[in-house]
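# Coordinate inspection notes
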Amino acid sequence: MTDELTNGFTVDNGEYDASQIQVLEGLEAVRKRPGMYIGSTSSSGLHHLIYEIVDNSIDEALAGACDEISVTIGKTGTITVRDNGRGIPIDIQEQTGKSALEVVFTVLHAGGKFGGGGYKVSGGLHGVGASVVNALSEWLEVRVYKNGQIYEMKFARGDIVQESTIVGQTDKSGTEVTFMPDHEIFDDCEFSYDIIKTRMREQAFLNGGLKIVTTDEREGREVSDTMCYEGGIREFVQYLNRNKTPLHDEVIYLSEDRSTSTAEVALQYCGDVYNEFLISFANNIHTPDGGMHETGFKAALTRVLNDYGKKNNLLKGEDKLSGEDCREGVTAVISVRLMDAQFEGQTKSKLGNSDMRTFVDNLLTEKLTIFLEENPAVARTILEKAITASRAREAARKARENIRRKNALEGMSLPGKLADCNETNPELTEIYIVEGDSAGGSAKGGRDSRFQAILPLWGKMLNVEKARADKVYGNDKLTPVITALGAGIGEDFDAEKLRYHKVIIMADADVDGSHIRTLLLTFFFRFMRPLVEGGYVYAAQPPLYKLTRGKTTRYVLDDNELEIALEEMRGEDGKGKVDMTRNKGLGEMDAHELWDTTMNPETRVLKQIKLTDAIEADEVFTVLMGEKVEPRKEYIEKNAKYAVDLDL
Ligand code: TSJ
């Protein structure tokens, strides 16, 4: 247990109670180890500062006391967050002798609520709030509009530089915070308007009716967006499905309000997609690893659809739809609010409260059943989709069984085209998946066969976005990839069995190369998701140019580097004659060159493929690989200059 001191800090009084641990320390601790509080000091940590502040305004909206929030990037790169709520309390609290305003910005409170004022710390991923932002800001100013007055307080790197002062009169109420992130702390203090807008759009969807305005005031890129969705997560699902073909017009929406918790679910099935797309939130925080609310959703969806199918003779006798069958082509948003949310797992991105499982399960069991009974046409469409999925999955199971049996019979025989390496510890090995036989040849000649394996691919690759699982399992272009990696596929995939911990896609830096890279990544994304999520996938970066002057050769990765490299090669006088050739393809490099430029761990550049933003990734994959042509054209035109990169 802790005792509260007059300065607002608490001390351990020796009666230890694990459930009530409060770590209260000075803000210097935050400046010493910022990563502990905001995850990192890279772009993600920088943007986290904004969310910590905005979370407070969203809490005010949840309390029903505010309906408008704005987030502005100022001309000089500052952030201003404003709301029209009640304004942070400014009166002095008896126990502490301080105002809530001061406490909010100067007292660090990790993991737990803190005393006085009824001020609740909202559940940001790190749950540490405004004092952390203050500690990591060169300066921060807060203005509270309340009781007809404007109160202002100023800080620098967490220290008070101006006590709360009345600076004017007002007839409005609300809170306004402006801060300049500390350049001593962050690698780069440049805020991204797109990142902010995407996050705020998500929050606007999750808090239906709340108006959020984002603005960029920086010179040359002035822009502003107003987001307000009366339909809440219903509109979120519509938005996520905007490039897909829904099987039913109305988004299905179910909700339940209890005294201490609420649950909302919105879902819609699409015809031209074979994967599921679930996004879940707890207290407005994204839970990419799911948790109890998702578990409840999945269990109930499967049960409700099976029961409906049986009852209405759409499913015969022994037929049973699996969970995956029931989720094929579904886009669903699950949002729950609860007290004392428990976030679990390494990244704290999984909801652990088990009462949320029953809560969401009951919600679907009751209300989805009623919905299906009241909307038989929609119900039939969904059931038909799931039944087709079930048949395809049965075919896929057989195909997969075949792969497995073949492997067993042939003693896990590796693909004939694979040139394996000697090392068997997967942590030390890498496999290059190479496009084309000639490039494969150079790669085999150039590699260090102790730890580098080569798998050449050739011919036209299957587009898995347009094919169901059964086609994928039996596909003769993909089977070698599956067996070489050795970790299975789909539900069977097990990263522990991977034969290589670096899976490197090596394709040309041209349109064809980009195409094959995208196809392979789509395949990994859909059928070996943990491979991508685990950070095992890389793209090799073959050089675009070769420069020679006399006996000196130099390879250049891209156009950005070219000018600098040319200048350096020309020498001091700038007159040296440098020959420049544009590499036409991997196949044109000899084994030696390929090793030097693209395969030697000492000198190569590898790009790790990360899927940090599932929403964006799903969008890119659907748009680029799916059926609809218009969105694909638009996407490619809009992102033409990044096309080679795909930003995956
Ligand atoms: F935390 C913060 F300082 F970073 C911050 C808080 C930043 C921003 C932009 C807004 C807020 C904030 C806090 N907006 N609204 C509130 N509301 C309260 O703090 C508040 C007001 C009145 C009462 C009450 O019971 O009368 C209770 C609370 C929690």
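Residues numbered from 1 in each chain as written. Predicted model: local features only at pLDDT ≥ 70, side-chain atom pairs only at ≥ 80, totals over all residues. Heavy atoms only, no water.

### Quick word on the overall build of the protein
The helix and strand inventory of the protein stands at 20 helices and 25 strands. For the protein, the residues scored as buried account for 50% of the 648 residues in total. A separation threshold of at least 6 residues defines the contact pool for the protein, and within that pool the share at least 24 residues apart is 66%. On the protein, roughly 30,900 Å² of surface is accessible, and the fraction owed to carbon and sulfur atoms is 48%. (Helix = DSSP H or I, 4+ residues; strand = E, 2+ residues; numbered from the N terminus. Buried < 20%, exposed > 50% of the residue type's maximum accessible area, 1.4 Å probe, protein only. Contact = heavy atoms within 4.5 Å. Areas by Shrake-Rupley, 256 points an atom, 1.4 Å probe, with all protein chains shown as cover.)

### What to know about the side chain of Arg327
Relative to the helices and strands, Arg327 is located in helix H9 (residues 323-327). Beyond its immediate stretch of four places on either side in the chain, Arg327 contacts Asn275, Glu276, Lys298, Leu301 and Thr302.

### Notes on the pattern of salt bridges
Following the criterion strictly, the structure yields 34 salt bridges and no others. The partner of Glu141 in a salt bridge is Lys154, and the shortest N-O contact between them spans 3.9 Å. Residue Glu141 is found in strand S5 (residues 137-146), and its partner Lys154 is found in strand S6 (residues 149-156); the two are separated by 13 residues along the sequence. The exposure class of Lys154 is partly exposed, given its relative accessible area of 25%. The closest approach of N and O atoms between Arg258 and Glu256, which form a salt bridge, is 3.7 Å. Residues joined in a network through salt bridges with shared partners are Arg82, Glu141, Arg143, Glu152, Lys154 and Glu176. (Salt bridge = Lys/Arg side-chain N within 4 Å of Asp/Glu carboxyl O.)

### Points about the packing of aromatic side chains
Where two aromatic rings form a pair, the distance of their centres and the angle of their planes describe that pair. Across all of its chains, the model carries 8 aromatic pairs by this definition. Ring geometry for Phe523 versus Phe524: centroids 5.7 Å apart, planes at 40°, classification tilted. Owing to a relative accessible area of 0%, Phe523 belongs among the buried residues under this scheme. Put simply, the rings of Phe205, Tyr229, Phe236, Tyr239 and Phe281 pair up and form one aromatic cluster. Between the NZ or CZ atom of Arg234 and the centre of the ring of Tyr253, over which it lies, the distance is 3.8 Å. (Phe/Tyr/Trp six-rings, centres within 6.5 Å; stacked < 30°, edge-to-face > 60°. Lys NZ or Arg CZ within 6 Å of the ring centre and 35° of its normal.)

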